[in-house]
Amino acid sequence: MTFIPSPSLPAPGRPTDLAGPWSADLSAAQVCQRIRSLVRQYVTPNHLHERLQDLPAQFARPQPRPWPIIAWSAVQPDQVKGIDLKTFCQVLSGTIDTEAPIRNYTQASRQYLAPFYADMARFVGGTAGPDGTLISPGLWEIEEKRHTPALLRLHTQLSGQRLTPTPHSARPYTPSADLRTDLYRHGLHRIATEYGAACLYLWLMAHSTGTLQQVLGELLVDEINHMTNFWGFGVWAYPDVSLGKNLSVLSQAVVQKMCDRTLQGSLFHTLRRMIGVLAWEQWSLTNRMTCLYTFDQVMRVLWRWHHDLTPSYLNDLFGQNSYAP
């Protein structure tokens, strides 16, 4: 099932888009209103349940979600609203460098998953030969692989410059003696990454209109789908661990890290890097606050949905987990 949200009902006499009414100069209150509108359309418990319930079908017969035809030439700089165009392009640039090494991400995840959950390993990283050579990519990689080219085209249309990506080095598969704990930690990091990407694209949509907003919407739907798949599957795979609590704490850590430069650790190292590549220091106070507001609004929905992920519900979807206590 493909989820295509309906745009907000237009207000009489005011231009509207997927996020509702907009104007040339968006105030902080208007941006927050647009964020809430997008959350109501794209991130609801019903939408998340639909995405998770589709995962077993994707195990059996993976089908990439199709994108509509996009009029790339219609993307124009005046479609950026409420944020400096240069900052907007720098955010795109940092996102491109983060999205680019998708093959490294997927293969590390496949290796962590393979000893325990073959279906999810194939969904994420495809199939590989005995020597580790990739034979066919997974659905997650196929869908994520289209993000970098799309972001590059947006950056070119908005800045007038052709950007050459400088991909980040992805953390490789590094197993320890406890493979199942390794998988849990890796999975938590993967969910956090998808959550961060979903929030960022939703926030960028609140600052966009027209074809630019349409493209960002396609990226957003992909990230929501993947975040939902990883989160729901993770709760099923680790029923004895409070994944939702960990993610709630993690979201608070994201906010804290954006305000405190002294935190340490591998995950916080990733956050520090992301803050740097997204040019956070150049954002206005309003931009920072509305971005953090986006993280909060999305997590509120995820937290409500998480409480519906009962063992019986998840076992109906994925079967009895042989690793459950």
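Model, not experiment: these values are computed from the prediction.

Reading guide: rules and limits
Residues numbered from 1 in each chain as written. Predicted model: local features only at pLDDT ≥ 70, side-chain atom pairs only at ≥ 80, totals over all residues. Heavy atoms only, no water. Helix = DSSP H or I, 4+ residues; strand = E, 2+ residues; numbered from the N terminus. Buried < 20%, exposed > 50% of the residue type's maximum accessible area, 1.4 Å probe, protein only. Areas by Shrake-Rupley, 256 points an atom, 1.4 Å probe, with all protein chains shown as cover. Axes fitted to C-alpha atoms, helices over the stretch in contact; angles between N-to-C directions. Left-handed = near helix turned anticlockwise from the far one by under 90°. Contact = heavy atoms within 4.5 Å. Parallel < 35°, antiparallel > 145°, perpendicular 65-115°, else oblique. Nonpolar A, V, L, I, M, F, W, Y, C, P; charged D, E, K, R; others polar. Expected span 1.5 Å × (residues − 1). Arc of directions from axis to C-beta. Lys, Arg positive; Asp, Glu negative; His and termini not counted. Salt bridge = Lys/Arg side-chain N within 4 Å of Asp/Glu carboxyl O. Polar contact = N/O pair within 3.5 Å; in protein donor to acceptor, adjacent residues only side chain to side chain. Phe/Tyr/Trp six-rings, centres within 6.5 Å; stacked < 30°, edge-to-face > 60°. pLDDT = per-residue confidence, 0-100.

## Some details on the overall build of the protein chain
Across its full length, the protein chain holds 14 helices and four strands. A burial count over the protein chain gives 53% of its 325 residues as buried. Of the accessible surface of the protein chain, which amounts to about 14700 Å², a share of 56% is contributed by carbon and sulfur atoms.

## Notes on the packing of helix α5 (residues 102–113) against helix α9 (residues 179–206)
In the contact formed by α5 and α9, the axes pass within 9 Å of each other and the chain directions differ by 145 degrees. Here α5 and α9 pass one another in a crossing that is left-handed. Facing Tyr105, Ala108, Ser109, Tyr112 and Leu113 of α5, the residues of α9 in contact are Asp182, Leu183, His186 and Arg190.

## Examining the packing of helix α4 (residues 85–99) against helix α8 (residues 147–159)
The N-to-C vectors of α4 and α8 enclose an angle of 160 degrees; their axes lie 9 Å apart at closest approach. Considered as vectors, α4 and α8 are oriented roughly antiparallel to each other. For the crossing formed where α4 meets α8, the hand is left-handed. Judged by residue contacts, Leu85, Phe88, Cys89, Leu92, Ser93, Thr95, Ile96 and Glu99 of α4 engage His147, Thr148, Leu151, Leu152, Leu154, His155, Leu158 and Ser159 from α8. A class-by-class count of the residues in the contact of α4 with α8 yields nine nonpolar, six polar and one charged.

## As for α8
Since the α-helix packs 3.6 residues into each turn, any two residues three or four apart lie on the same face. For α8, built from 13 residues, the straight-helix expectation of 18 Å at 1.5 Å per residue is met to within 8% by its first-to-last C-alpha distance of 18 Å. Every buried residue belonging to α8 is among His147, Thr148, Ala150, Leu151, Leu154, His155 and Leu158, and all of these are buried. In a view along the axis of α8, the buried residues occupy a sector of 160 degrees, so they form one face of it. On the buried face of α8, the contacting elements are α4, α7 (139–144), α9 and α10 (210–237). At the exit of α8 stands Gly160, carrying a positive phi of roughly 75 degrees.

## Examining the side chain of Glu99
With respect to the element layout, Glu99 can be found in helix α4. As a buried residue without a salt bridge, Glu99 has its nearest oppositely charged side chain in Arg146, at a separation of 9.7 Å. Filtering out sequence-adjacent residues up to four positions away, Glu99 remains in contact with Glu144, His147, Thr148, Leu151, Tyr201 and Glu223.

## Re the pattern of salt bridges
Any two side chains of opposite charge can pair, on the condition that their charged atoms come close. Going through the model one piece at a time under the given rule, you end up with nine salt bridges. The salt bridge involving Arg34 is made with Asp17; its shortest N-O contact spans 3.1 Å. Here Asp17 lies in strand β1 (residues 16–17) and Arg34 lies in helix α1 (residues 28–42), a separation of 17 residues in the sequence. With a relative accessible area of 1%, Arg34 lands in the buried category. Residues participating in the shared-partner salt-bridge network are Arg65, Arg146, Glu218 and Asp222.

## Let's talk about the environment of His49
Position of His49 among the secondary structure elements: in helix α2 (residues 45–53). C-alpha of His49 to C-alpha of Gly232: the two residues are 183 residues apart in sequence and 9.0 Å apart in space. A distance of 2.9 Å separates the side chain of His49 from the side chain of Tyr313, its partner in a polar contact.

## Concerning the packing of aromatic side chains
One pass over the structure, following the stated rule, counts 18 aromatic pairs. Plain terms: the ring middles of Phe59 and Phe318 are 6.3 Å apart, the flat faces sit at 45 degrees to each other, and that makes the pair tilted. Within this pair, whereas Phe59 is found in helix α3 (residues 55–60), its partner Phe318 is found in helix α14 (residues 311–318), the two being separated by 259 residues in sequence. Like Phe59, the residue Phe318 is buried in the burial classification. Taking 5.6 Å as the distance between ring centres and 55 degrees as the angle between the ring planes, the aromatic pair formed by Trp236 and Phe318 counts as tilted.

## Overview of the confidence of the model for the protein chain
In this model, the protein chain carries an average pLDDT of 87, and 85% of its residues clear a pLDDT of 70 or more. Scored below 50 in pLDDT, residues 1–11 makes 26 contacts in the model with residues more than four places away or belonging to other chains.

## Details of helix α6 (residues 118–125)
Residues of α6 that are buried include every one of Met120, Ala121, Phe123, Val124 and Gly125, and no others. Mapping the buried residues of α6 onto a view down its axis gives an arc of 165 degrees, with all of them on the same face. Residues of α6 that are buried make contact with α3, α5, β3 (127–128), β4 (134–136), α7 and α10. Positive phi shows up at Gly126, right after α6, with a value of about 75 degrees.

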